[in-house]
Amino acid sequence: MRIGDQLPDKQKRQLEKMKSPKKEKLSVRDIEELMGTRRDTYERRNGAVRRK
């Protein structure tokens, strides 16, 4: 006998909602931002830090 057999219907539905993973669709731009490729690049010129 399983634990799921003893649960009421309401709790069974709640468990099913928790089991199903929510898939998040990210755009290419979002993925690039997460990787850090869309950030400003800085370099040092004559002691000062400047944006390229």
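This text follows the structure it describes.
**Digging into the overall build of the protein**
Inference 1: A tally of regular secondary structure across the protein gives 3 helices and 2 strands.
Inference 2: Its helices and strands taken in sequence order, the protein reads α-α-α-β-β from the N to the C terminus.
Inference 3: Compactness check: the protein gives a C-alpha radius of gyration of 25 Å against a globular reference of 10 Å for 52 residues, more than 25% above the reference.
Inference 4: Taken along the three principal axes of its C-alpha coordinates, the protein extends 75 × 20 × 15 Å.
Inference 5: Residue burial in the protein is summarised as follows: out of 52 residues, 0% are buried.
Inference 6: Within the structure as shown, the protein displays about 5,800 Å² of accessible surface, and the carbon and sulfur contribution to it stands at 48%.
Inference 7: Of the side chains in the protein, 17 bear a positive and 9 a negative charge, and the two mean positions are spaced by 2 Å.

**As for the environment of Lys52**
Inference 1: Within the secondary structure layout, Lys52 lies in the segment after β2 (48–51).
Inference 2: Taking the relative accessible area as the measure of exposure, Lys52 reaches 67% and is therefore exposed.
Inference 3: Each C-alpha atom of the pair Lys52 and Glu24 lies 33 Å from the other, and the pair is 28 residues apart in sequence.
Inference 4: Those residues within four positions of Lys52 in sequence are excluded, and the remaining contacts are Thr41 and Glu43.

**Examining a nonpolar patch on the surface**
Inference 1: A surface patch of nonpolar side chains, amounting to about 420 Å² of accessible area, comprises Leu26, Ile31, Leu34 and Met35.
Inference 2: Within the element layout of this structure, Leu34 appears in helix α3 (residues 28–35).

**Some details on the pairing of β2**
Look at any regular strand and the pattern is simple: side chains alternate between the two faces of the sheet.
Inference 1: In the sheet, strand β1 (residues 42–45) pairs with β2 via 4 bridges, with the strands oriented antiparallel. Within β2, the residue paired with Arg45 across the bridge is Ala48.
Inference 2: In sequence, β1 turns back onto β2 through a hairpin of 2 residues, with Asn46 there showing a positive phi of about 55 degrees.

What counts, and where the lines are drawn
Residues numbered from 1 in each chain as written. Predicted model: local features only at pLDDT ≥ 70, side-chain atom pairs only at ≥ 80, totals over all residues. Heavy atoms only, no water. Helix = DSSP H or I, 4+ residues; strand = E, 2+ residues; numbered from the N terminus. Rg over C-alpha atoms; globule rule 2.2 N^0.38 Å. Buried < 20%, exposed > 50% of the residue type's maximum accessible area, 1.4 Å probe, protein only. Areas by Shrake-Rupley, 256 points an atom, 1.4 Å probe, with all protein chains shown as cover. Lys, Arg positive; Asp, Glu negative; His and termini not counted. Charge placed at Lys NZ, Arg CZ, Asp CG, Glu CD. Contact = heavy atoms within 4.5 Å. Patch = residues over 30% accessible without salt bridge, like charges linked within 9 Å, V, L, I, M, F, W, Y side chains within 5 Å. Salt bridge = Lys/Arg side-chain N within 4 Å of Asp/Glu carboxyl O. Pairing = 2+ DSSP bridges.

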